[in-house]
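A look at the structure
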Amino acid sequence: MVDLSVKIGDLTFQNPIQPASGAFSWEYNEVIDLNRLGALVAKTICREPRMGNPTPRMAETEAGIIQSIGLPGKGIDYFLENIVPEYAKFKPPLVVSVSSESIEDFAALARELSVPNVDVIECNISCPTRNTTGGNFALQEEHTKEVMSAIREATDKPVWAKLSPNAGDLTSIALAAEEAGADALVIANTFLSLKIRTDNFRPALGNKFGGMVSPALKPIVLRMVYQVAKEVKIPVVGVGGVTKAEDVVEYMLAGAHAVGIGYAGFRNPTALTTIIDDLEAWCDERGIEKVTDLIGAVKDDDMEMDPLIAASHGV
Amino acid sequence: MNDLAPNEKYTDSAIRPDDPDPYPDKPVGEFLANVVSNEWVNAEYKLMVLKTHKKALTAYAGQFFHLLCPTPDGAEVWMRRPMSVYKVDKAAGQLEFLYKCEGRGTKGMVMLGTGDTFNVSGPLGIGFHLDPSWKNIVVLGRGVGLATLAPLSQLAAENGVGVTAVLSARKSDLVMSEDLFHDLGADTVTVVDEDGSSDVGNVEAILEGLIANGRADAFFTCGSSRLLKLMQTLGKKHNVPGQVAMEQIMVCGVGACYVCMRTFEINGERTLKRVCREGPVFNMLEAVGW
């Protein structure tokens, strides 16, 4: 028996496999057993009902898809009344992703989400298709600090900050979120992208820009997780390009406590539970009794710091 | 641990035709089907017959499967392709898809041959509904849209409901499933672009005639925004209810990603619905064309 459980703050998760916010909803219960997941992660909720972005919302590219959904939803009141009870039917902790364009409203939403069946508030301060003043706080240190501090004051629930891979200096932003009181960091949201159709010269997405989702992004996000995990004391959840158990292992070796999975569940609707099975088998074959033994266990102590990384640290 | 072969890049727990079902209480599955045959039926369309796990055979008319198509060009096909069921043969344990070879996904499907495996997930969505009070229905489809309407006609025939199938295509040799509709006992009317008989005015006259003769208790359509609008107009004028099967670019297929949205107008208010979850079959009168 392998112990797959991980702790993030005071919360215990039965395994490190979580759906990525936006790529998951309770409807997956029609395909897989949701009680097997490490956590349930609801789609980002906003104050008001939102239709979302114009279609097409997805375009295929050479190496992944770009999508621009626009955070559709029925608003916070409907969510608390109707969607939270849907998730409460299942055992894993519920992580609720939330977004707003104003700091005050962000904090108010966090306060309103502080109800018994919500276990974690994931602050989506990095939606790629919102600009800096429109909710993409995670592009700048001071915006990150301001919004996370306000949210921290508004709730006693664990708060996770979802960061942006589009930020110039991710480590500084991670440190700002930690200093503001975040209990964990989710790295990362999608990469801002563009596709232009050569048949009609128009952007392929109705919203022009989209966020890229692809296994091709895994080495890049893995590097980000590695760099940030070395600098912060709070846990990191790695999100980007996980399609198999070995990817989970890689993220954990780089320092992640858990992973979020999006694309793989689109491609193979049973992927999340399969990856849990495969991760257990992978650990078992190698005599690894606790999956937490993998966290940060990358063997690189004898390697010199990369000059580029050293420079960014002022070494 | 990193020397995986390319085909081991993704997890694959799809259920084979003879596997026990690991999720017996789940209505939707991911299946590894075996290709029985995959033959051209005319210059543009192919019929794929798959041997699948019996849970896949619970699909009914209007539902769809999400297909993980092989790659036609060496590059990756990143998303599944939604495709409505053409036929369910429970006795033979087979599922059939009639498809037009057009995009990257279907060009990949063309390459599959007898004995190959094909990952399909489903059955998904809400299909057609036949009200017990309807004695005669009209199905109006264009192009590959007729593939979606074929199992509905079969369902109607099995329930003793009369079917008139109006089949529209560019050219007469591309009219799909005329024989199948005919074998089901449907009256078939074929209209084509090449002689102008598929013009909206002519199709309108055909539908008006069917309504006048009591042959149209309900309308069903798929495959053409123009024909949908015509059926809506006549449906409103003569108080004929209807259903439309719609398509949209789709990602997850189960209702999680909100990519496959279409616009609907309900009581004067515009709203978006998920084709995969609230559809793909919708109230014809509420659908806004594409």
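Residues numbered from 1 in each chain as written. Chains lettered and ligands numbered in written order. Predicted model: local features only at pLDDT ≥ 70, side-chain atom pairs only at ≥ 80, totals over all residues.

Before going further, it helps to spend a moment on the overall build of chain B. Check the secondary structure of chain B and you find five helices and 15 strands. In terms of overall size, chain B behaves like a compact globule, its C-alpha atoms giving a radius of gyration of 19 Å where 290 residues would be expected to give roughly 19 Å. Over its C-alpha atoms, taken along the principal directions, chain B stretches across nearly 70 × 40 × 35 Å. Burial analysis of chain B (290 residues in total) assigns 47% to the buried set. In chain B, of all internal contacts separated by at least 6 residues, the share reaching a separation of at least 24 is 65%. (Helix = DSSP H or I, 4+ residues; strand = E, 2+ residues; numbered from the N terminus. Rg over C-alpha atoms; globule rule 2.2 N^0.38 Å. Buried ≥ 20, exposed ≤ 12 C-beta atoms within 10 Å, placed from the backbone. Contact = placed C-beta atoms within 7 Å.)

The next thing to look at is the overall build of chain A. Scanning chain A from terminus to terminus reveals nine helices and 14 strands. The C-alpha radius of gyration of chain A comes to 19 Å, within 12% of the 20 Å expected for a compact globule of 315 residues. Residues counted as buried form 52% of the 315 residues belonging to chain A. For chain A, the proportion of contacts with a sequence separation of at least 24, taken over those separated by at least 6, is 70%.

Our next topic: the sheet that holds strand β8 (residues 136–142) of chain B. Residues and elements named next belong to chain B. Pairing is mixed across the open sheet formed by six strands, whose spatial order is β10-β9-β8-β11-β12-β15. Where the open sheet ends on each side, the last strands, each with one partner, are β10 (187–192) and β15 (281–283). Strand after strand, the sheet turns through a mean of 20 degrees between neighbouring axes, direction not considered. Relative to strand β12 (residues 242–245), strand β11 (residues 218–222) is paired through four bridges, and the arrangement is parallel. The residue of β12 that forms the bridge with Cys222 is Ala245. Lying on the sheet, helix α5 (residues 225–238) is in contact with β8, β9 (162–169), β11 and β12; it crosses β11 at an angle near 165 degrees. (Pairing = 2+ DSSP bridges. Axes fitted to C-alpha atoms, helices over the stretch in contact; angles between N-to-C directions.)

Turning to helix α8 (residues 271–285) of chain A, a few remarks are in order. Residues spaced three or four apart along an α-helix point in a common direction, a consequence of the helix completing one turn every 3.6 residues. Residue and element names in this part refer to chain A. Its 15 residues give α8 an end-to-end C-alpha distance of 21 Å, which sits within 8% of 21 Å, the value for a rise of 1.5 Å per residue. All of the buried residues in α8 are Ala271, Leu272, Thr273, Thr274, Ile275, Ile276, Leu279, Trp282 and Cys283. Structurally, α8 contributes buried residues whose contacts are with β3 (17–19), α6 (245–253), β14 (258–261) and α7 (263–267). Note on α8: the residue one or two positions beyond its end, Gly287, has a positive phi of about 70 degrees. (Expected span 1.5 Å × (residues − 1).)

Next up on the list: the interface of chain B and chain A. Contacts between chain B and chain A engage 28 residues on the former and 35 residues on the latter. In the side of chain B that touches chain A, the residues fall into 18 nonpolar, five polar and five charged. (Nonpolar A, V, L, I, M, F, W, Y, C, P; charged D, E, K, R; others polar.)

Quick look at the pairing of strand β7 (residues 94–98) of chain A now. Residues and elements named next belong to chain A. The buried fraction of β7 amounts to four of the five residues, a majority that puts the element mostly inside the structure. The pairing of strand β4 (residues 40–45) with β7 spans four bridges and is classified as parallel. What sits directly across from Ile45, in β7, is Val98. Looking at chain direction, β7 and strand β8 (residues 120–124) are connected through four bridges and run parallel. Along β8, the bridge assignment pairs Val95 with Val120.

Take the sheet that holds strand β1 (residues 29–40) of chain B next. Residue and element names in this part refer to chain B. Pairing is antiparallel in the open sheet, where seven strands are placed in the order β4-β3-β7-β1-β2-β6-β5. On the outer flanks of this sheet lie β4 (81–84) and β5 (87–89), each paired with one strand and no other. For this sheet, the mean inter-axis angle between neighbouring strands, taken without regard to orientation, is 35 degrees. Across three bridges, the pairing between β5 and strand β6 (residues 94–100) is antiparallel. Looking at the pairing, Asp89 lines up with Gln94 of β6.

What follows concerns the nonpolar core. One finds A:Leu163, A:Leu185, A:Ile187 and A:Val225 to be the most contacted residues of the largest nonpolar core, which totals 190 residues. In this structure A:Ile187 touches A:Leu163, A:Val221, A:Met224, A:Val225, A:Val228, A:Val236, A:Gly238 and A:Val239, once residues within four positions along its chain are discounted. (Core = buried A, V, L, I, M, F, W, Y, C linked by C-beta atoms within 7 Å.)

Below, the discussion takes up the packing of helix α3 (residues 141–154) of chain A against helix α4 (residues 170–179) of chain A. All names here are of chain A. The contact between α3 and α4 brings their axes to 8 Å, and the two run at 20 degrees. With respect to each other, α3 and α4 are oriented roughly parallel. Crossing of α3 over α4 shows right-handed handedness. For the pair α3 and α4, contact is made by Glu141, Thr144, Lys145 and Met148 and by Ser172, Ile173, Ala176, Ala177 and Glu179, respectively. (Parallel < 35°, antiparallel > 145°, perpendicular 65-115°, else oblique. Left-handed = near helix turned anticlockwise from the far one by under 90°.)

For the rest of this paragraph, the subject is helix α2 (residues 145–158) of chain B. Residue and element names in this part refer to chain B. Its 14 residues give α2 an end-to-end C-alpha distance of 21 Å, which sits within 8% of 20 Å, the value for a rise of 1.5 Å per residue. Burial of α2 is extensive: 11 of the 14 residues sit out of reach of the surface. All of the buried residues along α2 are Gly145, Leu146, Ala147, Thr148, Leu149, Ala150, Pro151, Leu152, Ser153, Gln154 and Ala156. Downstream of α2 by a residue or two, Gly160 has a phi angle that is positive, lying close to 70 degrees.

What follows is about the environment of A:Lys89. All names here are of chain A. Its location among the elements puts Lys89 in the loop between α1 (76–88) and β7. Residue Lys89 is classed as exposed on the basis of its C-beta count, with 11 C-beta atoms lying within 10 Å. Lys89 sits 19 residues away from Gly70 along the chain, and the two C-alpha atoms are 27 Å apart.

Residues and elements named next belong to chain A. Residue Ile187 is joined to Ala188 through a cis peptide bond whose omega torsion reads 10 degrees. With respect to the helices, strands and loops of the structure, Ala188 is situated in the loop between β10 (184–187) and β11 (191–194). Phi is positive for Lys208, which is not a glycine, with a value near 65 degrees. Using a count of 15 C-beta atoms within 10 Å as the deciding quantity, one classes Lys208 as partly exposed.

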